[in-house]
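# Coordinate inspection notes
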Amino acid sequence: MLIGRSSEIDYLKKIFDQTSASLVTLYGAPGVGTTSVWRDFVKDKKFVYIKCPKSSGRQTNFLISLDLKLKGYEFTSDFPEFNEILNAILDKYKLEKFVLVLDDFENLFKTQPEYAEDIFSYLKINKADNRFMILLVSHDIRYVENAFVKQIGKNALSINGFYKIHPMSFMDLFMYYNSKDTRKCIELYALTGGNISYYDYFDINKSIKENIIKNFLVKGAPFANAGYSFILESLREVNVYGTILYCLANGYNKLNDIYQHTGYSRAKISVYFKNLMGLDIVEKVSSFDTAGVENTVKGVYRISNPIVLFWYKFIYPHQSYLEIMSAEKYYDTFIEHGMEDFINVSLPLVCKEYLTILNNKRALPIKVVKSGEWVGKAGTIHFIGKDEKRNMLVAFCYLGDDPMDLSEYEWFEYCLKEARVRADYIYLFSKNGFDEEFQKEKENTNIRMIDINNL
């Protein structure tokens with residue numbers, strides 16, 4: 001069973017059931033489960049799958065036709081034109097509706113623009129024929145979002161839909177592992193995020209240390225070179241990107257901070273940020289719009305992919321020691337002391353997701369129509385939401401090792417004043433509960449206290 005993707009499958013089914021031929025672009029960053037979505041969609045349908053190779057146009061046609069010949073197709077030569085390949089597929093399914101999946105389709109379009117013309121001509125000529133759906137699949141989100149439409153021009157009007165596959169939620173991970181251990185699920189979410197393709201590598205029954213040693217530190221580990229592999233596929237100048245990602249993973253999260261550390265020009269860093277954001281590896285932090293805009297921190301960036309964040313924080317700076325230390329000693333020396341802080345990064349995301357779920361179920365005191373976080377000079381308000389009547393709901397996630405007490409709440413109140421936010425409802429999350437005195441004092445107020453371990 002495919003977990004957490006019912007809306008994606010329903011979207012594709014709705015288009016498939018139309019009375020004319022259709023074309024959908026399905027894309028997402030590596031690891032988020034784009035492949036799982038299209039596979040689940042076609043499992044009860046006739047389909048033709050073509051993995052588009054990275055090769056010259058002539059070689060591409062040779063390889064695709066060679067693969068199809070093994071499935072019983074016949075062609076007039078070893079190097080058929082691409083439109084001949086498309087027509088052969090259509091001819092085979094004369095009475096059956098089918099899906100044509102072109103995986104890594106950007107490899108076709110980048111090689112020869114004629115491929116795009118062939119595909120869209122094929123679609124237009126057979127538009128009235130509802131026997132097929134073309135699914136263009138890609139894991140190169142930078143290409144799809146920045147170059148694809150420009151390249152195909154007016155042909156974009158023939159596309160029935162663009163659907164971006166986003167990372168899974170924490171609740172989906174919880175369901176995937178079928179575990180009641182919230183703490184362990186949070187640990188694995190901190191490492192994998194919503195990248196469901198990585199979940200099978202991690203064992204919910206093992207400690208975080210055992211999972212990290214197995215997947216990052218031993219020879220041949222699947223994520224031993226994760227930091228490089230994530231950027232090698234799409235970007236040049238890996239050394240430059242690696243330097244910038246190291247900075248972000250280790251607290252240099254403003255453009256000027258990185259300039260001071262690296263010596264790269266601010267203009268150059270901005271360009272590299274743009275490319276990394278195009279791959280969903282880095283995100284720019286924007287604060288919720290409040291009256292206290294002068295107290296926000298502007299121009300803050302952070303790594304949004306947890307595997308990349310972990311690698312550049314704990315592996316990249318000390319790679320030479322992996323050659324001379326045992327994996328266990330490396331963990332004890334370079335990772336263990338910083339692991340709790342690393343896990344804490346994911347906790348506000350879990351809390352915001354919890355509030356989003358409640359909001360969708362109309363289980364919050366207000367129906368939130370706009371939300372975000374507020375990153376201030378004094379601190380962060382992890383969630384601010386307002387309804388159509390401008391009622392405000394705010395939330396704070398306390399990450400300390402002790403139960404949250406009155407002094408921590410007073411600091412949160414100070415952040416609210418800095419943001420100039422009047423909170424009608426307050427949700428407090430704490431990873432280690434709440435001080436008894438604090439609970440008694442705030443009883444029967446507009447404050448809701450939630451222990452993260454009991455989500």
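A brief structural summary. Everything numeric in this text was worked out from a predicted model, so none of it was measured. (Residues numbered from 1 in each chain as written. Predicted model: local features only at pLDDT ≥ 70, side-chain atom pairs only at ≥ 80, totals over all residues. Heavy atoms only, no water.)

### Quick look at the packing of aromatic side chains
In plain terms, the rule: Aromatic contacts are taken between Phe, Tyr and Trp rings whose centres are within 6.5 Å, Trp giving its six-membered ring; a plane angle under 30 degrees counts as stacked, one over 60 as edge-to-face, and the others as tilted. Classification of residues uses two cut-offs on accessible area relative to the type maximum, computed with a 1.4 Å probe and protein chains only: under 20% is buried, over 50% is exposed, and between them is partly exposed.
For the coordinates displayed, the defined rule picks out 43 aromatic pairs. Consider the rings of Y143 and F148, whose centres lie 6.0 Å apart with planes at 40°: the pair is tilted. Taking relative accessible area as the criterion, Y143 reaches 6% and is therefore assigned buried. Geometrically, the ring pair formed by Y198 and F230 is edge-to-face, given 6.3 Å between the ring centres and 75° between the ring planes.

### Some details on the nonpolar core
Stated formally: Residues belong to a common nonpolar core when they are buried Ala, Val, Leu, Ile, Met, Phe, Trp, Tyr or Cys residues joined through side-chain atoms within 4.5 Å. Throughout, a contact is declared for two residues whenever any of their heavy atoms are within 4.5 Å.
Among the nonpolar cores identified, the biggest contains 81 residues, and I212, F216, L217, F310, I335 and M339 are the most heavily contacted of them. Residues within four places of M339 in sequence aside, it is in contact with L191, I208, I212, F310, F314 and Y331. Listed in part, the 58 residues of the second largest apolar core include I9, A21, A29 and I89.

### What about the sheet that holds strand β9 (residues 380-386)?
What counts is decided by this rule: In this analysis, strands are considered paired if DSSP registers two or more bridges between them. Labels follow the DSSP assignment, with helices taken as runs of H or I lasting at least four residues and strands as runs of E lasting at least two, numbered in each case from the N terminus. To obtain an axis, a line is fitted to C-alpha atoms, over the contacting stretch when the element is a helix, and the angle between two such axes runs from 0 to 180 degrees between their N-to-C directions.
Strand order in this open sheet of five strands is β8-β9-β10-β11-β12, and the pairing throughout is mixed. The sheet is open, and its two edges are formed by β8 (370-375) and β12 (447-451), each paired on a single side. Averaged over neighbouring strand pairs, the angle between their axes works out to 20° when direction is ignored. Relative to β12, strand β11 (residues 425-430) runs parallel, the two being bridged by five bridges.

### Considering the environment of F162
By secondary structure assignment, the location of F162 is in strand β5 (residues 161-164). You can call F162 partly exposed: its relative accessible area is 35%. As for F162 and S265, which are separated by 103 residues in sequence, their C-alpha atoms are 36 Å apart. Setting aside residues no more than four positions away along its own chain, F162 makes contact with Y11, T25, V144, F148 and V149.

### What about the sheet that holds strand β4 (residues 132-138)?
In spatial order, the strands read β2-β3-β4-β1-β5; together these five strands make up an open sheet with parallel pairing. Strands with a single pairing partner mark the edges of an open sheet, and in this sheet they are β2 (46-51) and β5. Taking the axes of each pair of neighbouring strands and ignoring which way they run, one obtains an average angle of 20° across the sheet. Contacting β1 (22-27), β3 (98-103), β4 and β5, helix α1 (residues 6-16) crosses the sheet at an angle of about 165° to β5.

### Digging into helix α12 (residues 238-249)
Because an α-helix completes one turn every 3.6 residues, residues spaced three or four positions apart along the sequence face the same direction. Put simply, the test is: A helix is expected to span 1.5 Å multiplied by its residue count minus one.
Taking 1.5 Å of rise per residue, the 12 residues of α12 would be expected to cover 16 Å, and the 16 Å separating its terminal C-alpha atoms lies within 8% of that figure. Among all positions in α12, only V238, V240, Y241, G242, I244, L245, C247, L248 and A249 are buried. Elements in contact with the buried residues of α12: α11 (226-232), α13 (255-262), α14 (266-278), β6 (282-285), β7 (300-303) and α15 (306-315). Positive phi appears at G251, one or two residues downstream of α12, with a value of about 95°.

### What to know about unusual backbone geometry
One non-glycine residue, N178, adopts positive backbone phi at about 50°. Assignment of secondary structure puts N178 in the loop between α8 (170-177) and α9 (182-192). For N178, a relative accessible area of 70% corresponds to the exposed category. In the Ramachandran plot, R420 falls in the positive-phi region, its phi being about 60° despite a non-glycine side chain. The topology assignment puts R420 in the loop between α19 (406-419) and β11.

### Side note on the pattern of salt bridges
For the record, the criterion: Each reported salt bridge corresponds to a side-chain nitrogen of Lys or Arg within 4 Å of a carboxyl oxygen of Asp or Glu.
Here the structure, examined in full by the defined rule, presents 23 salt bridges. As a salt-bridge pair, E8 and R5 come within 3.0 Å of each other at their nearest N and O atoms. Each member of the pair, E8 as well as R5, carries the same accessibility label: buried. With a closest N to O distance of 3.1 Å, D140 and K110 form a salt bridge. Of this pair, D140 sits in the loop between β4 and α7 (141-152) while K110 sits in helix α5 (residues 106-111), and the two are 30 residues apart along the sequence. One salt-bridge network, held together by shared partners, links R183, E187, E340, D401 and K431.

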